[in-house]
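Structural overview for review
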Amino acid sequence: MEITRAFCIFLVLVLKAVKITLSVEDGLLYLDYYKETCPLAEEIVSRNVEIAVRKDPRMAASLLRLHFHDCFVMGCDASVLLDNYGDIISEKQAGPNLNSLRGFKVIDEIKYVLEEACPLTVSCADILAMVARDAVALRGGPSWKVWLGRKDSLKASFDGANQFIPAPNSSLETLIANFNQQGLDVEDLVALSGSHTLGKARCLSFRQRVYDINIEEKYDKYQRYRTFRRVLRSICPESGRDEAIAPLDFITPAKFDNQYYINILGGNGLLGSDNVLVNEDHEGEIKKLVWAFASNQELFFSSFAKSVVKMGNINVLTGIDGEIRKNCRFVNA
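Residues numbered from 1 in each chain as written. Predicted model: local features only at pLDDT ≥ 70, side-chain atom pairs only at ≥ 80, totals over all residues. Heavy atoms only, no water.

1. Digging into the nonpolar core
Test applied: Throughout, nonpolar core names a set of buried Ala, Val, Leu, Ile, Met, Phe, Trp, Tyr and Cys residues whose side chains join them through atoms within 4.5 Å. Buried, partly exposed and exposed residues are distinguished by accessible area as a fraction of the type maximum, computed with a 1.4 Å probe on protein chains only: under 20%, between the cut-offs, and over 50%, respectively. Under the DSSP-based scheme used, a helix requires at least four consecutive residues in state H or I and a strand at least two consecutive residues in state E, with every element numbered from the N terminus.
L63, L81, I107, L114, Y261 and F304 are the most contacted members of the largest nonpolar core, which totals 74 residues. Ranked by residues supplied to this core, first place goes to helix α5 (residues 124-138) with 10 residues.

2. Focus: helix α8 (residues 186-193)
Threshold: Residues are treated as being in contact if the distance between any of their heavy atoms lies within 4.5 Å. Polar contacts here mean pairs of N or O atoms no more than 3.5 Å apart (in protein, one a potential hydrogen donor and the other a potential acceptor; neighbouring residues in sequence count only if both atoms are side-chain atoms).
Counting buried positions along α8 yields 7 of 8 residues, so the element is predominantly enclosed. Looking at the packing, one finds that the buried side of α8 touches α3 (59-71), α7 (172-181), α12 (259-265), α13 (272-279), α14 (285-295) and α15 (297-311). Residue D185 occupies the N-cap position of α8, its side-chain oxygen lying 3.2 Å from the main-chain nitrogen of E187.

3. Overview of unusual backbone geometry
Phi angles above zero are rare outside glycine, and D32 is one such case at about 55 degrees. Of note, D32 is situated in the loop between α1 (2-25) and α2 (41-55). According to the relative accessible area criterion, D32 is partly exposed, its value standing at 47%. Residue M74 is not a glycine yet carries a positive backbone phi of 70 degrees. Position of M74 relative to the elements: it lies in the loop between α3 and α4 (104-117). Accessibility expressed as a relative area gives 29% for M74, which makes it partly exposed.

4. Considering the state of the cysteines
Keep this limit in mind: Cysteine sulfur atoms that come within 2.5 Å of each other are treated as a disulfide pair.
Across all of its chains, the model carries 4 disulfides by this definition. The disulfide bridge from C124 ends at C328, spanning 2.1 Å between sulfur atoms. For the disulfide bridge between C124 and C328, the dihedral angle about the S-S bond is near -95 degrees, and by the sign convention the bridge is left-handed. Separated by 204 residues along the polypeptide, C124 in helix α5 and C328 in the segment after α15 bring together distant segments of the chain. Paired through a disulfide, C203 and C236 show a sulfur-sulfur distance of 1.9 Å. The sign of the 60 degrees torsion about the S-S bond sets the C203-C236 disulfide as right-handed. Here C203, found in helix α9 (residues 203-211), pairs with C236, found in the loop between α11 (226-235) and β2 (245-247); they are 33 residues apart in sequence, far enough to count as distant. The residues C203 and C236 share a single accessibility class, namely buried. Among the cysteines of the protein chain that take part in disulfides, numbered as they appear in the sequence, the pairing is 1-4, 2-3, 5-8, 6-7.

5. Here's the deal with the packing of α2 against α5
Going by this rule: Lines fitted to C-alpha atoms define the axes here, with helix axes fitted over just the stretch in contact, and angles between the N-to-C directions of these axes take values from 0 to 180 degrees. Small angles under 35 degrees read as roughly parallel and large ones over 145 as roughly antiparallel, with 65 to 115 read as roughly perpendicular and the rest as oblique. Handedness of a crossing is defined here by the sense of rotation of the near helix relative to the far one, left-handed for an anticlockwise turn of less than a right angle and right-handed for a clockwise turn. Residues are sorted three ways: Asp, Glu, Lys and Arg are charged, Ala, Val, Leu, Ile, Met, Phe, Trp, Tyr, Cys and Pro are nonpolar, and all the rest, Gly among them, are polar.
Running from N to C, α2 and α5 point in directions that differ by 50 degrees, and their axes come no closer than 9 Å. Judged by the inter-axis angle, α2 sits oblique to α5. Here α2 runs over α5; the crossing is right-handed. Contacts between α2 and α5 involve E42, V45, S46, V49, E50 and V53 from the first element and M130, V131, R133, D134, A135 and L138 from the second. Partitioning the contact of α2 with α5 into residue classes produces 7 nonpolar, 1 polar and 4 charged.

In structure tokens, the structure reads:
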């Protein structure tokens, strides 16, 4: 009896070891990845995100955006967090990120606490994935299970950040191609664009959408959106005040909801890349999705969660690839 019991315990331990090995070596991510190695990891992340968002509600959008801008360049590997050092040119200096990305200190604080609890165990890439989930949930949005086990990159890609992160004035054709490059489809594009229900954008990002006479003549020849454009012009003059900011969603700027889709159906998206989802969709497929999300918030929430999880799997590093950084800003010595 005792031999049988001892053998069962041994077998359980072996199976656990095999599971851990497989999760590393087969290149896949797993739920509850840190259950044994750092059981409080998700709780530590969640608590610190809550503290940060309570201090600065806008931080929720900033933390979500870090995950996006990381995954679209080389994959979800925390390359966006690296500072200039040695041969590394930081992605933070790239056009889409410079004077725009925020939240790095919040990530530093979370990493510090995790290193105290579980040294060299939780990757910075996984922190970004967990932080995005918690930030959305704190502003009233959906929550989802985060698949974990990513490693951190040993390099950054300044050129990749300039090339692959969607520009605020992108055409619909460019957006579709950009998302396709990442293995994301049209439904992912529409769902993930809904992240613009939170946050703010600089005048530099929406000036063209406000003042380009060709855009006005093409999409608003009956002047239906004149009032909204007048509001934007009061915030963002034709020259100067590049750093002035406006909410991406003027109606419910601090709440994660489906108002974004209602806005763009009315021509009131802040960015040019928001409005093209409706204005440049000549076949109507994308517009149907926009209408569906505008009409059904739960549908949007479930689609958004599904697409974020899918995005979070882009070109992840696992196993012997990459490392677990001790400091998210620098590769290990």
